[in-house]
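Architecture and fold: a report
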Amino acid sequence: MVIDRYLIALFLASSFLVGALNASAGDADPLYRACMAECEKTGCVGVRCFPQCKFPSDGVANDGPWYVQEPLYLKWKQWDCQSDCRYNCMVDREKEREAVGNGPVKYHGKWPFKRVFGIQEPASVAFSALNLAVHFHGWLSFFILLYHNLPLRQGNKAYYEFASLWHIYGLLSMNSWLWSAVFHSRDVDLTEKLDYSSAVALLGYSLILAILRCFNVRVEAARVMVAAPFLAFVTTHILYLNFYTFDYGWNMKVCVVMGVAQLLIWSIWAGVTCHPYRWKCWVVVIGGGLAVLLEIYDFPPYHGFFDAHAIWHATTIPLTYLWWSFIRNDTKFRTSVLLRKAD
């Protein structure tokens, strides 16, 4: 749907800022720091020792010649000594806190999640993958409806004037959810930038699409005039984040402005149009707004897996399904109108 990755871009930024403020709650704990210092020195936490601690984060062996490099699969997953030390010290410290009746705290800005096959946030990864699957199903069903179930113009072109725009939207959505799954599986600088960049790209394009569809802009030259300044700004913003400075506060402001703008456009359109399926648009907009409450009410992961962010990912799945249903209904409705005019 149009608003799902807007919310992700917004709350990835806001959750980072909140996390940064609370970062000292866990990683400033003297017992945690002592564990980290011992682990980085010996490569062990208790009786658990990590062979990758023979390699520092730069990939050069501590006890071997310079040309002995860290295994490629460890480089790809970025499971260096520091990462494993942080995780295992966090697990042990949380067990100690639970034993005396204390609740979980954040470490380095993140809640203590349990790894599954090396995946940092397995629930968020699973729900991101499901969102990707729903977007693929929605885009594929839209494609089949457009080119196999509905009549076509000469040259096998669709009657629906916004078909190409929704194709691009589907591809950007799938790309965005793919990098969301990758980012939640392993949070490193590269995956973070790819996730944020793809989310902002989808958000900016969704705003363009909302303007073009809700104002029924069908002339190609007018579409270019509307889209050009937005595309220029979004491209510049992404380049700024990736190659100048990754400013979370500025990114949040950009996401809020573009996201609220498209929400208002779709809401006003649904309120004034006579479209027979406008109720689906209302459900998606209102449902997405209510889902934000899960992000505002941040709570630690249940059994180490399901935190507010993961559950929020889950709520976007039915909303995405309904949004693609609206797109298909809009396609059939507009096609029928154009066919009646042609007759």
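Residues numbered from 1 in each chain as written. Predicted model: local features only at pLDDT ≥ 70, side-chain atom pairs only at ≥ 80, totals over all residues. Heavy atoms only, no water.

What follows concerns the packing of helix H7 (residues 163-185) against helix H12 (residues 308-342). Running from N to C, H7 and H12 point in directions that differ by 165 degrees, and their axes come no closer than 14 Å. Relative to H12, the element H7 is oriented roughly antiparallel. When you trace H7 past H12, the crossing you get is left-handed. Residues Trp166, Tyr169, Gly170, Trp177, Ser180 and His184 of H7 lie in contact with H12, whose contacting residues are His309, His313, Thr316, Trp323, Trp324 and Ile327. Split into classes, the residues belonging to the contact of H7 with H12 amount to 6 nonpolar, 6 polar and no charged. (Axes fitted to C-alpha atoms, helices over the stretch in contact; angles between N-to-C directions. Helix = DSSP H or I, 4+ residues; strand = E, 2+ residues; numbered from the N terminus. Parallel < 35°, antiparallel > 145°, perpendicular 65-115°, else oblique. Left-handed = near helix turned anticlockwise from the far one by under 90°. Contact = heavy atoms within 4.5 Å. Nonpolar A, V, L, I, M, F, W, Y, C, P; charged D, E, K, R; others polar.)

Our next topic: unusual backbone geometry. In this structure, phenylalanine 117 is a non-glycine residue whose phi angle is positive, near 55 degrees. Mapped onto the fold, phenylalanine 117 is located in the loop between helix H5 (81-99) and helix H6 (122-149). Its relative accessible area of 78% is what places phenylalanine 117 among the exposed residues. With a phi angle near 55 degrees, asparagine 156 is a residue other than glycine that sits in the positive phi range. In this structure, asparagine 156 sits in the loop between H6 and H7. Given a relative accessible area of 60%, asparagine 156 falls into the exposed group. (Buried < 20%, exposed > 50% of the residue type's maximum accessible area, 1.4 Å probe, protein only.)

Summed over all chains, the structure comprises 3 disulfides. Two residues share a disulfide in this structure: cysteine 35 and cysteine 89, whose sulfurs sit 2.0 Å from each other. On the sign convention where negative means left-handed, the S-S torsion of about -85 degrees between cysteine 35 and cysteine 89 marks this disulfide as left-handed. Of the two residues, cysteine 35 sits in helix H3 (residues 30-42) while cysteine 89 sits in helix H5, which places them 54 residues apart along the sequence. Disulfide partner of cysteine 44: cysteine 49, at an S-S distance of 1.9 Å. Every disulfide takes its handedness from the sign of the S-S torsion; for cysteine 44 and cysteine 49 that torsion is 105 degrees, giving right-handed. Classification of cysteine 49 as partly exposed rests on a relative accessible area of 47%. The cysteine cysteine 281 is free of any disulfide, with cysteine 214 supplying the nearest cysteine sulfur at 6.7 Å. (Disulfide = S-S within 2.5 Å.)

Sequence positions flagged by UniProt for "transmembrane region" (unreviewed entry) are, in local numbering, residues 125-147, 159-182, 194-212, 224-244, 250-272, 279-297 and 309-327. Counted over residues 224-244, helix gives 95% and strand 0%. Its end C-alpha atoms are 28 Å apart. (UniProt positions renumbered as here; feature names shortened; annotations may be inferred.)

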